[in-house]
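A closer look at the structure
One letter stands for each residue in the lines below.
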Amino acid sequence: MAALRSRVSAYGLLLPGAFWLIVFFVVPLYFLGRLSLDTNELTYYKFNWHWQNYSDALSLYDTQFVRSFIYSGLATLICLLLAYPLAYAIAFKAGRWRHALLLAVVAPFFTTYLIRTISWVTILSAESPVVEVLEFLHIVNNGRLLATAPAVVAGLVYNYLPFMVLPIYASLERLDTRLMEAAKDLYANAATTFFKVTLPLSAPGVVAGTLLTFIPATGDYVNAEFLGGPGNQMIGNVIQSLYLKQQEYPAAAALSFVLMAIILVVVLIYIRFAGSEALMGEEGMAR
Amino acid sequence: MSASASAPSRAWHWLREHAVLIIGVLVVIYLLVPIAVIFFFSFNNPSGRYNFTWVGFTLSHWENVFGIPELNEALWTSIKLALLATVISTVIGTMMALALVRHQFFGRRAANFLIVIPMATPEIVMGSSLLSFFLILGNPALGFNTLLIAHIMFCISFVVVVVRSRLIGFDRHLEEAAKDLGASPFTTFRLVTLPLIMPGIFGAAMLAFALSIDDFVISNFNSGTTVTFPLYIFGAFQRGVPVEVNCIAMILFGVTVLAMVATTLQQRRAEKMASVRPDQEEEIPIVVSTVGAA
């Protein structure tokens, strides 16, 4: 009796949220797929399994697709290289500055995403001290950083870096430091300890961080819009413009669907490759 | 390399000892520089429409912060939208979290999956699929209502995750004690459970508010002619973003920092009062809650 009542109240508690997520997340995905198979009849759209939308869209925008994955892959890699030392420093070296550093990591979230990205336009504009220094060092030659691929990647790195730092920090922070001491007692040097003990134990954080960075970065179009030029458009820019400016809905839906499918495949391969612990990264954080 | 430049007078082995920390601090500086730029350029007096190069100091934009009607309207829309989305998604999400942690039922795994999958979907896919949905439903009145639907949708998962983490570290003995003392299930919930998970709910609500007020991509697809604060900035980018936007961004920044500090203090006090767990446990919700906040 008590078990039955528990089950009934469980469904009652679950119902509103499940309803909302099914009606406004799952069902729209079905409609996205459906719209991608419509034909454009000038005044209306007609559903008739028009698979050609896919081949047309892909052959037209394959460069933007490839570019998106290159940019977001690069950004994810750079984020990892920057985030790991920072997370490690916060977890083990910061002492009483730990909370201040954590606050600094999340501080960018307190200002609007778009304004942060726009402030990179200021930082990278030709008159800024940063560009002058880079020019002096002959890293940049014609005084132009804006509207280039490095600018877009730098923007992506900046915007998604906290998503990499926080999960890595969370898994490092829970790490049993006695294991590192044990490695030292067994005469492992600092590098061996790191690669054989610390890094494997923080793998769930690394996997969660790379996913949290890679997935949104691939679909991003704000950085390419503000910091890139016409030659740096990512697939997000194409989807946005097809939907909202050209109103080429079937083609845009097809691109959106393919983007989701590719990301899903990449993520599944990555999780398989990184081990089943990967999925626990996100789940584990909640526990 | 750059590490030595930041501390030239210190000994070499001090550098080696603190190399990780120095790199960490440099990365933090990298994270904070754009915020400093936003701050300084809120005092700029640009010669043209574009606020990208420093011209001269002025306070006039701070004096005129709320002097642009369209900007005010967009900001007000964003705040209304975020408040509504926060209240609704926090209630719905907390209920879901309670169901998932407290009850055994058929379909738990499916429910968990339903909650995780929106967090792993690119925003542009969510935005475009929701727009497709509204388009196929007929002539959709895109605007505040569709924005609200979308914002509640993407906030729910984050609320569930944050509240659930709080519920898992929960001492069930306290509820049993209440029952032993003759409290009804509802009284127990109201007087014991709710106050104890309140910091989690509050943290979840803050996260939902932050997600909603900062959302651009999904809103971009489903706003119709309604303009939110981020949409205003996006629209203004080509013709030049007014300096007042920087001032408002800094005000929002200040308010959020204050709210963050207040929550941390309040959470600590609640911890002390309930002494549920030592601080180890309580740190993770803050981290999780901030993971998705952009």
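Residues numbered from 1 in each chain as written. Chains lettered and ligands numbered in written order. Predicted model: local features only at pLDDT ≥ 70, side-chain atom pairs only at ≥ 80, totals over all residues.

All names here are of chain A. Phi is positive for Y187, close to 70°, though the residue is something other than glycine. Along the chain, Y187 turns up in the loop between α7 (177-185) and α8 (190-201). Accessibility expressed as a C-beta count within 10 Å gives 7 for Y187, which makes it exposed. Even without being a glycine, Q247 presents a positive backbone phi close to 55°. Mapped onto the secondary structure, Q247 falls in the loop between α11 (235-244) and α12 (249-274). (Helix = DSSP H or I, 4+ residues; strand = E, 2+ residues; numbered from the N terminus. Buried ≥ 20, exposed ≤ 12 C-beta atoms within 10 Å, placed from the backbone.)

Residues and elements named next belong to chain B. Two numbers describe how helix α5 (residues 69-102) lies on helix α8 (residues 144-168): the axes approach to 6 Å, and their chain directions differ by 40°. By the angle class used here, α5 and α8 are oblique. For the pair α5 and α8, the crossing hand works out as right-handed. Looking at the contact of α5 with α8 residue by residue, the classes come out as 21 nonpolar, five polar and one charged. (Axes fitted to C-alpha atoms, helices over the stretch in contact; angles between N-to-C directions. Parallel < 35°, antiparallel > 145°, perpendicular 65-115°, else oblique. Left-handed = near helix turned anticlockwise from the far one by under 90°. Nonpolar A, V, L, I, M, F, W, Y, C, P; charged D, E, K, R; others polar.)

Taken residue by residue, the interface counts 76 residues in chain B and 82 residues in chain A. Considering each element in turn, the side of chain B that touches chain A owes the most residues, 13 residues, to helix α3 (residues 19-40) of chain B. Here the side of chain B that touches chain A is composed, by residue class, of 60 nonpolar, 13 polar and three charged. (Contact = placed C-beta atoms within 7 Å.)

This next bit is on the confidence of the model for chain B. When pLDDT drops low, the exact placement of atoms in the prediction is not to be read closely. Residue and element names in this part refer to chain B. Averaged over every residue, the pLDDT of chain B is 83; the share at 70 or more is 87%. Every residue in residues 277-294 scores below 50 in pLDDT, and together they form 47 contacts with partners more than four places removed in sequence or on other chains. For this predicted complex, the interface confidence comes out at an ipTM of 0.85, alongside a pTM of 0.85. (pLDDT = per-residue confidence, 0-100.)

Below, the discussion takes up the domain arrangement of chain B. All names here are of chain B. When cut into domains, chain B gives domain 1 (2-43) and domain 2 (67-291). Between domain 1 and domain 2, the residue contacts involve four residues of the former and five residues of the latter. Here the side of domain 1 that touches domain 2 is composed, by residue class, of three nonpolar, one polar and no charged. (Domains from an automatic or database assignment.)

Core analysis: the largest hydrophobic core is formed by 167 residues, its most contacted members being A83(A), A87(A), L161(A), V165(A), L255(A) and A208(B). Counting residues per element, this core draws most heavily on helix α6 (residues 149-173) of chain A, which supplies 17 residues. Two domains each provide a minimum of three residues to this core, namely domain 1 (2-43) and domain 2 (67-291) of chain B. Not counting residues within four places of it along the chain, the set of residues in contact with L161(A) comprises C79(A), L82(A), A83(A) and L31(B). (Core = buried A, V, L, I, M, F, W, Y, C linked by C-beta atoms within 7 Å.)

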